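# Secondary and tertiary structure notes
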Amino acid sequence: NLQYNFYRNVVHVNAILIANKSSQLRIDSSATLILKAPLYLGKNIFDNDKLSARIWIMDGGTIDVEGLFTIHNGAFIHIRKGGHLILKTGYINHGANIVCEGKIEIGEGCAIAPNVMIRDCDSHIIIGQEEKSIQNIKIGNHVWIGQNAAILKGVTVGDGAIIGANAVVTKDVPANCAVAGNPARVIKENVYWK
């Protein structure tokens, strides 16, 4: 914990990074982690858990932690060059994977289940397309994302939405709606969860 908190490119605003001993944090020389609230990296449920929570922020990338946020063991967050991830409050469960090359914002009180994938980019150039496609993602407040769901580039998820397990979200999700399927579609409106 002391090593992480004294990284020269970790900016503290009355907050600290609390890391499990198996966690891994790599912040390249011109990348930044801004802590406005505590970040728990590598929360684990089992004793002697060998999984690690991993964050890699490449040059020019930024993570802003604006509220108390927990990243469980086995999750991987990769901020590519120029990427900007904003975390408000909530948690990311084990096996979740976030790849950010543009901007991803996760709102307040979000629950992200195991093995969820969130990515705002293609990662590779597609033949016939001149450059990689990068489109921002915004996940509203109090959103529940079910196990194995995928949130893909260019999507906005409204406040209070529920993303069903195994859903592949390729289009915007209205507030207080439940979506499911591949591609995800609205299956219920006016939903509320706690």
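All values reported here derive from a predicted model rather than from experimental measurement.

### Thoughts on the overall build of the protein
The helix and strand tally for the protein stands at 1 helix and 23 strands. Relative to a compact globule of 194 residues, whose C-alpha radius of gyration would be 16 Å, the protein shows 16 Å and is just as compact. Counting the 194 residues in the protein, one finds 51% classified as buried. Sequence separation of 24 or more characterises 30% of the internal contacts of the protein that already satisfy a separation of 6 or more. Per element, the accessible surface of the protein, about 9,700 Å² overall, is 52% carbon and sulfur.

### So, the pattern of salt bridges
Within this structure, the stated rule accounts for 4 salt bridges. The salt bridge partner of D28 is R26, with a shortest N-O separation of 3.0 Å. Classification of D28 as buried rests on a relative accessible area of 14%. Residues R80 and E101 are paired through a salt bridge, measuring 3.6 Å at the closest nitrogen-oxygen approach. You can see R80 sitting in the loop between β9 (76-79) and β10 (84-87) and its partner E101 sitting in the loop between β12 (97-100) and β13 (103-106), a full 21 residues away along the chain. Among the residues examined, R80 registers a relative accessible area of 19% and is labelled buried. Looking at E101, the relative accessible area reads 13%, which means it is buried.

### A word on the packing of aromatic side chains
Evaluation of the coordinates by the stated rule reveals 1 aromatic pair. Ring centres of W144 and W193 lie 5.5 Å apart, and the angle between their planes is 45°; on these two criteria the pair is classed as tilted. Note that W144 is positioned in strand β17 (residues 144-145) and W193 in the segment after β23 (185-189), a separation of 49 residues in sequence. Relative accessible area serves as the criterion here: at 39%, W144 is assigned to the partly exposed category.

### So, the pairing of strand β3 (residues 24-27)
With burial as the criterion, only one face of β3 is covered, namely that bearing L25 and I27; the residues Q24 and R26 on the opposite face remain uncovered. Relative to strand β6 (residues 54-57), β3 is paired through 4 bridges, and the arrangement is parallel. In the sheet register, I27 faces β6, and the bridge partner there is I57.

### Quick look at the environment of I57
In this fold, I57 is placed in strand β6. The class of I57 is buried, set by a relative accessible area of 0%. Residues I57 and K88 lie 31 residues apart in sequence; the distance between their C-alpha atoms is 18 Å. Look past the residues within four positions of I57 in its chain and what remains in contact with it is R26, I27, D28, A31, T32, L33, T62, I63 and I79.

### Some words on the sheet that holds strand β20 (residues 162-163)
With mixed pairing, the 9 strands of this open sheet are ordered in space as β2-β5-β8-β11-β14-β17-β20-β22-β23. What marks the edges here is a single partner per strand, and that holds for β2 (17-19) and β23. Both β20 and strand β22 (residues 177-180) contribute to a ladder of 2 bridges, which runs parallel. Bridging from a neighbouring strand, I162 pairs with A178 of β22.

### Some thoughts on the environment of T62
Take T62: it is sitting in strand β7 (residues 62-65). When its relative accessible area of 18% is taken as the criterion, T62 is described as buried. Remark: the alpha-carbon pair of T62 and C100, spanning 38 residues in sequence, is separated by 9.8 Å. Look past the residues within four positions of T62 in its chain and what remains in contact with it is T32, I34, I57, I79, G83, H84 and L85.

### Some thoughts on the sheet that holds β6
Ordered in space as β3-β6-β9-β12-β15-β18-β21, the 7 strands form an open sheet in which the pairing is parallel. Edge positions in the open sheet fall to β3 and β21 (168-169), since each of these has one partner strand only. Where β12 meets strand β15 (residues 117-119), 3 bridges bridge the pair, whose relative direction is parallel. Residue N97 lies in a different strand from β15, and its bridge partner there is M117.

Thresholds applied
Residue indices begin from 1 for each chain and proceed along its sequence in written order. Given that the model is predicted, a residue must reach a pLDDT of at least 70 before its local features are reported, and side-chain atom pairs must reach 80 or more before they are shown or counted; all residues, however, enter totals for whole chains, interfaces and linings. Here the side-chain values reflect all heavy atoms present in the structure, with hydrogen atoms and water set aside. Secondary structure elements follow DSSP: runs of H or I no shorter than four residues count as helices, runs of E no shorter than two count as strands, and numbering proceeds from the N terminus. Atoms counted for the radius of gyration: C-alpha only. Globule rule: 2.2 Å times the number of residues to the power 0.38. With a 1.4 Å probe rolled over the protein chains alone, any residue whose accessible area is under 20% of its type maximum counts as buried; one over 50% counts as exposed, and the rest are partly exposed. Pairs of residues are marked as contacts when any of their non-hydrogen atoms sit within 4.5 Å. Per-residue and other accessible areas were derived by the Shrake-Rupley procedure at a 1.4 Å probe size, with only the shown protein chains allowed to occlude residues. The salt bridge definition used is simple: a Lys or Arg side-chain nitrogen within 4 Å of an Asp or Glu carboxyl oxygen. When the centres of two rings from Phe, Tyr and Trp lie within 6.5 Å, Trp using its six-membered ring, the rings pair. Their planes under 30 degrees apart give stacked, over 60 give edge-to-face, and anything left gives tilted. Think of it this way: DSSP has to see at least two bridges between two strands before they count as a pair.

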